[in-house]
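One letter stands for each residue in the lines below.
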Amino acid sequence: MKVYLCEKASQGGEIAAFLGMSLLHKKRGYYQKNNIVITWTRGRLFKLCAPEHYCAELKEKWSFDHLPVIPEKFEYSLDSRAKSHFNIVKKLLKNAKEVYIATEPDPEGECIARNVLKFSGYKKEIYRILYLATDQKTLTKAFANPLPGGETQWMYQIALASAQSDWVIGMNLTIAMTLVIQRIKSSSAYKNAFPLGRVKTPAAMLVYAKEQAIKNFKAVTHYEIEIDVSTETDERFTLLWQTPERLLQQGRLLDVNYAKKAFTYVKSQKLGVTADCVKTIKAQQPPLPYDLTGLQLACERFDISPDETLEIAKSLYEMPLSAITYPKTHVGSLPISLTQNISDTLPLLLSLDIFSQLTEQVDLSRRTSAWDDKKVKVTHGIIPTTKPIDIARLTQKQKAIYILVAKRYIAQFLPDHVVQKTNVRVKIGNFTAIANCALPVSTGWKLIEQETNTCTPQLPLLKKNQKLTIKSVRLLEKTTKSPERYTRASLAHAMENISSSIEDKKLSALVNENDRIGTVSIRPAIIKDLVLSGLLIENKGELKPSSWFERYMPHIPEQLKQPVTSALWERGFTSIENGSLTATQFVNFQAKFVKAAVAELNKTFMEIK
């Protein structure tokens, strides 16, 4: 008997229909037709046991005497609401000769299925059905080409390492931190736990650091000089005085006295002479298809939160719509194998009224740098599927997200956006002034993005040593602006692009563009939980740390507070994937940190009078 193991009942019904089954084949907890069975896990049937399972004393009273709790062997408990269903699945697996895992194509989906197999005692053949879309064409190919189970074992190991290390850090340090706060408040009755976590705490610290930057911000006044000039034929344009490097502080001229002197000097001049005029042509390819974080940022303009974006994207991915590919991805690139779908997907999109005017500009043979097998492991950029869709039947938010995804895909087959850049240097006495202009030569893919043309006014045709008449000079006083607070979407983006989110240059140098905190699928939930737990406050979409977090944050172990630490830890998942590290080794490394962190918090606890 073949058993296909899905993640939830709705998915099981969809796969059953795909394999030719109907309600006539539905039993209690599964579908069966001849020797083929479809069943499901109902999500996470098994969860890691709580600390009191290993240390009964913690059930009665939290105490440093019993910390840290580091299980020699992690044990799991079955969700009490799912016992009867698990018994059904277990019985089916007992009679199975082959199991095909068909859960979501990521470490979490892999772990859900593998734990069910493990606790059912299944020991026979395992295969993996990996599909990143639920349209007929994709499913047909995926089910016809199952992978040997060993090829995706690494995803299970990553999920184990992530869950168990998060447990060790989160459970122990939450208890320890709460004990410290109880001591500070002189109340053992204080039961409001202060949650700490490998992803949660550094995410909150990003918000805290941003708030400190806002509180410490002092507006800086700086100066610029604009010069209006004209050619012999009275063609006018504006130059900007190029402040000498030695006078700049933080990239700006702050010395008002020098600014006034420079203004007076330039104003006394009658003519300028062009030192050079350089023109370059630059072709710009379209941005990659959306990953989940990029899609969440784009959806802010529609007032769609990150967690809602994910839910809506999932509704577009799942049957019956099957309109887009799997949304839980941090990768924007596409596998070259998907080029075989272009001739089906593009005509479907161009048949929609919103895109029909692009038919003549689209080139089906065009291949941008988005198509790159080296950057795709399992998941890839979010794109439309080959299934026709009736946009009129989508909700407004579904329609908005589908159109965003479709635009990015169509852009891959439109011409480059070509810009002519002109850079002019003009000598005015002993000073130099510059003018820059970027004018589109070909709109290309930006036609579909509908971006506002923000280029500077066109410069006249100039040549070297050409004389220019100075018409007017202006001394501009400008003021720097305060940093902006994070929104849920921009915080998720900061966690995805951690190297550009850390202002400390020494710390930032330790990470690279591939380092991140958390996964795209858990970030919305993590941020939501930070708000619900009271560590962060959300006001008009902006996030700031609560007074509760600010008051007790200094007691959090320093290493856990650093976003860089969490990002560097996550490199361990790559090592697990390539086989150079085991899940057990990763968890043991985290356990060493936890022992030191608990000792640090215990010391703080003992020092509080």
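Residues numbered from 1 in each chain as written. Predicted model: local features only at pLDDT ≥ 70, side-chain atom pairs only at ≥ 80, totals over all residues. Heavy atoms only, no water.

### A few points about the packing of aromatic side chains
Reasoning step 1: Applying the stated criterion to the full structure yields 24 aromatic pairs.
Reasoning step 2: Between Phe64 and Phe605, the aromatic rings sit 5.1 Å apart at their centres with planes inclined by 55°, giving tilted as the arrangement. With Phe64 in the loop between α3 (57-60) and β6 (76-78) and Phe605 in helix α22 (residues 583-607), this pair connects stretches of sequence that are 541 residues apart. Grouping residues by exposure puts Phe64 and Phe605 together as buried.
Reasoning step 3: For the ring pair Tyr409 and Phe413, a centre distance of 5.2 Å and an interplane angle of 65° mean the geometry is edge-to-face. (Phe/Tyr/Trp six-rings, centres within 6.5 Å; stacked < 30°, edge-to-face > 60°. Helix = DSSP H or I, 4+ residues; strand = E, 2+ residues; numbered from the N terminus. Buried < 20%, exposed > 50% of the residue type's maximum accessible area, 1.4 Å probe, protein only.)

### Quick word on the layout of surface pockets
Gaps between atoms show up when a probe of the same size as a water molecule is rolled over them.
Reasoning step 1: Estimated volume of the second largest pocket: approximately 790 Å³.
Reasoning step 2: Every residue lining the second largest pocket is counted, 33 residues in all, and those nearest its centre are Leu130, Tyr131, Leu132, Lys141 and Ser337.
Reasoning step 3: Element by element, the count of residues in the lining of the second largest pocket is highest for helix α6 (residues 136-144), at four residues.
Reasoning step 4: Across the lining of the second largest pocket, the residue classes tally to 15 nonpolar, eleven polar and seven charged. (1 Å grid on protein atoms, 1.4 Å probe; cavity = no way out; pocket = protein on both sides within 12 Å on 5 of 7 lines; lining within 4 Å. Points joined across faces, edges and corners; volume = space filled by probe spheres on them. Nonpolar A, V, L, I, M, F, W, Y, C, P; charged D, E, K, R; others polar.)

### Considerations on the environment of Trp569
Reasoning step 1: Turning to its location among the elements, Trp569 is positioned in helix α20 (residues 563-569).
Reasoning step 2: A relative accessible area of 6% means that Trp569 is categorised as buried.
Reasoning step 3: Sequence-wise, Trp569 and Phe586 are 17 residues apart; in three dimensions their C-alpha atoms are separated by 8.8 Å.
Reasoning step 4: What Trp569 contacts, discounting residues up to four positions off in sequence, is Ile169, Arg198, Gln559, Leu560, Phe586, Phe589, Gln590 and Phe593. (Contact = heavy atoms within 4.5 Å.)

### Observations regarding the packing of helix α4 (residues 83-94) against helix α5 (residues 107-120)
Reasoning step 1: At their nearest, the axes of α4 and α5 sit 10 Å apart, and the two run at 75° to each other. Judged by the inter-axis angle, α4 sits roughly perpendicular to α5. Contacts between α4 and α5 involve Phe86, Val89, Lys90 and Leu93 from the former and Val116, Leu117, Phe119 and Ser120 from the latter.
Reasoning step 2: In the contact of α4 with α5, the residues fall into six nonpolar, one polar and one charged. (Axes fitted to C-alpha atoms, helices over the stretch in contact; angles between N-to-C directions. Parallel < 35°, antiparallel > 145°, perpendicular 65-115°, else oblique.)

### A short note on the side chain of Thr174
Reasoning step 1: Of note, Thr174 is situated in helix α7 (residues 153-184).
Reasoning step 2: In terms of polar contacts, Thr174 uses its side chain to reach the backbone amide nitrogen of Leu196, at 3.0 Å.
Reasoning step 3: Contact partners of Thr174, with chain neighbours within four places excluded, come to Ile169, Ala193, Phe194, Pro195 and Leu196. (Polar contact = N/O pair within 3.5 Å; in protein donor to acceptor, adjacent residues only side chain to side chain.)

### Observations regarding α22
Reasoning step 1: Counted at 1.5 Å a residue, the expected span for α22 with its 25 residues is 36 Å, and the 36 Å between its end C-alpha atoms agrees.
Reasoning step 2: Residues Ala583, Phe586, Val587, Gln590, Ala591, Phe593, Val594, Ala597, Val598, Leu601, Thr604 and Phe605 constitute the buried set of α22. (Expected span 1.5 Å × (residues − 1).)

### Here we look at the sheet that holds strand β3 (residues 30-33)
Reasoning step 1: Across the sheet, which stays open at both edges, the seven strands sit in the order β2-β3-β4-β1-β7-β8-β9 with mixed pairing between neighbours. Looking at which strands have only one partner, the edges of the open sheet turn out to be β2 (26-27) and β9 (147-148).
Reasoning step 2: Here two bridges tie strand β8 (residues 125-128) to β9, and the two strands are oriented antiparallel to one another. What sits directly across from Arg128, in β9, is Leu147. (Pairing = 2+ DSSP bridges.)

### Observations concerning the sheet that holds strand β16 (residues 431-442)
Reasoning step 1: What the six strands build is a closed barrel, ordered β10-β11-β16-β15-β14-β17; its pairing is antiparallel. Averaged over all pairs of adjacent strands, the angle between strand axes in this sheet comes to 35°, irrespective of strand direction.
Reasoning step 2: With two bridges connecting them, strand β11 (residues 236-241) and β16 associate as antiparallel partners. What sits directly across from Leu240, in β16, is Ile434.
Reasoning step 3: Across the sheet, helix α9 (residues 256-268) is in contact with β10 (221-230), β11, β15 (417-428), β16 and β17 (467-479); its angle to β17 comes to roughly 160°.

### A word on the environment of Leu601
Reasoning step 1: Inspection of the secondary structure puts Leu601 in helix α22.
Reasoning step 2: With near-sequence residues (within four places) excluded, Leu601 lies in contact with Phe64, Leu173, Ala176, Met177, Val180, His555 and Pro557.

### Re the side chain of Thr178
Reasoning step 1: Looking at where Thr178 falls in the secondary structure, it is placed in helix α7.
Reasoning step 2: Leaving out residues up to four positions away in the same chain, Thr178 has contacts with Trp62, Asn192, Ala193 and Phe194.

### Some words on helix α11 (residues 306-317)
Think of an α-helix as 3.6 residues a turn; residues three or four steps apart then line up on the same face.
Reasoning step 1: Along its twelve residues, α11 runs 16 Å from first to last C-alpha, staying within 8% of the 16 Å computed at 1.5 Å per residue.
Reasoning step 2: Here α11 lies mainly inside the structure; nine of its twelve residues are buried.
Reasoning step 3: Residues of α11 that are buried: Pro306, Asp307, Thr309, Leu310, Ile312, Ala313, Lys314, Leu316 and Tyr317.
Reasoning step 4: Elements that come into contact with the buried residues of α11 comprise α10 (292-298), α13 (396-411), α15 (488-496) and α17 (523-532).

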